[in-house]
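Below are the chains, spelled out letter by letter.
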Amino acid sequence: FENSEIVNLLQDLDITTTSPSKLFDILDANGNNSVDIGELADGFMKLRGPADKGDTISINLMVKSMQKSINQMQMEQEKLKQGMLQNQDLLVTMQTRTPGYQGHHEV
């Protein structure tokens, strides 16, 4: 931070940060590129002091949950891909078996 008064105030609150932009991103909870008084208070309360064991466990659980969700999305995406390939194969088969088929015609 360029302003030593702000650094001192943050240190008095037991909040350490190396980057103003990181601090802003943390405080801007709703991502609207501004920090209201509620976000400021909530953010500072969450940032005070070192992370405790509960914080670490909570983060690990959130990461595991996100990994599970990503894996489920990947499986669903693969199912959709397989379904699309089967439909494509079926369409090609229908086209080759239909005499005089010349593709899609607009009505």
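Structure report, in brief. All values derive from a computational prediction rather than experimental measurement. (Residues numbered from 1 in each chain as written. Predicted model: local features only at pLDDT ≥ 70, side-chain atom pairs only at ≥ 80, totals over all residues. Heavy atoms only, no water.)

Moving on to the packing of helix α2 (residues 20-27) against helix α3 (residues 37-47). At a minimum axis distance of 9 Å, the contact between α2 and α3 shows a crossing angle of 110°. It follows from the interaxial angle that α2 and α3 lie roughly perpendicular. Two secondary-structure elements touch here, α2 through Leu23, Ile26 and Leu27 and α3 through Glu39, Leu40, Gly43, Phe44 and Leu47. Among the residues making up the contact of α2 with α3, the classes are represented as 6 nonpolar, 1 polar and 1 charged. (Axes fitted to C-alpha atoms, helices over the stretch in contact; angles between N-to-C directions. Helix = DSSP H or I, 4+ residues; strand = E, 2+ residues; numbered from the N terminus. Parallel < 35°, antiparallel > 145°, perpendicular 65-115°, else oblique. Contact = heavy atoms within 4.5 Å. Nonpolar A, V, L, I, M, F, W, Y, C, P; charged D, E, K, R; others polar.)

Turning our attention to unusual backbone geometry. Even without being glycine, Asn33 reaches a positive phi, approximately 65°. Asn33 sits in the exposed class, given a relative accessible area of 64%. (Buried < 20%, exposed > 50% of the residue type's maximum accessible area, 1.4 Å probe, protein only.)

Right, let's talk about the side chain of Asp28 for a bit. Assignment of secondary structure puts Asp28 in the loop between α2 and α3. Engagement of the side chain of Asp28 in a polar contact is seen with the backbone nitrogen of Asn32, the distance being 3.3 Å. In this view, Asp28 contacts Asn33, Ser34, Val35 and Glu39; residues no more than four positions away in its chain are not counted. (Polar contact = N/O pair within 3.5 Å; in protein donor to acceptor, adjacent residues only side chain to side chain.)

Within α3, burial applies to Glu39, Gly43 and Phe44. End-on view of α3: buried residues confined to an arc of 125°, all on one side of the axis. Opposite its buried face, α3 presents the exposed residues Ile37 and Met45, each directed more than 90 degrees away. In this structure, the buried side of α3 is in contact with α1 (4-12) and α2. Put simply, Asp36 is the residue that caps the front of α3, since its side-chain oxygen is 3.0 Å from the backbone nitrogen of Gly38. Gly49, located one to two residues past α3, shows a positive phi value of around 70°. (Arc of directions from axis to C-beta.)

The next subject is the side chain of Glu39. Tracing the backbone shows Glu39 in helix α3. Other than its neighbours up to four places away in sequence, Glu39 contacts Leu27, Asp28, Ala29, Asn30, Asn32 and Ser34.

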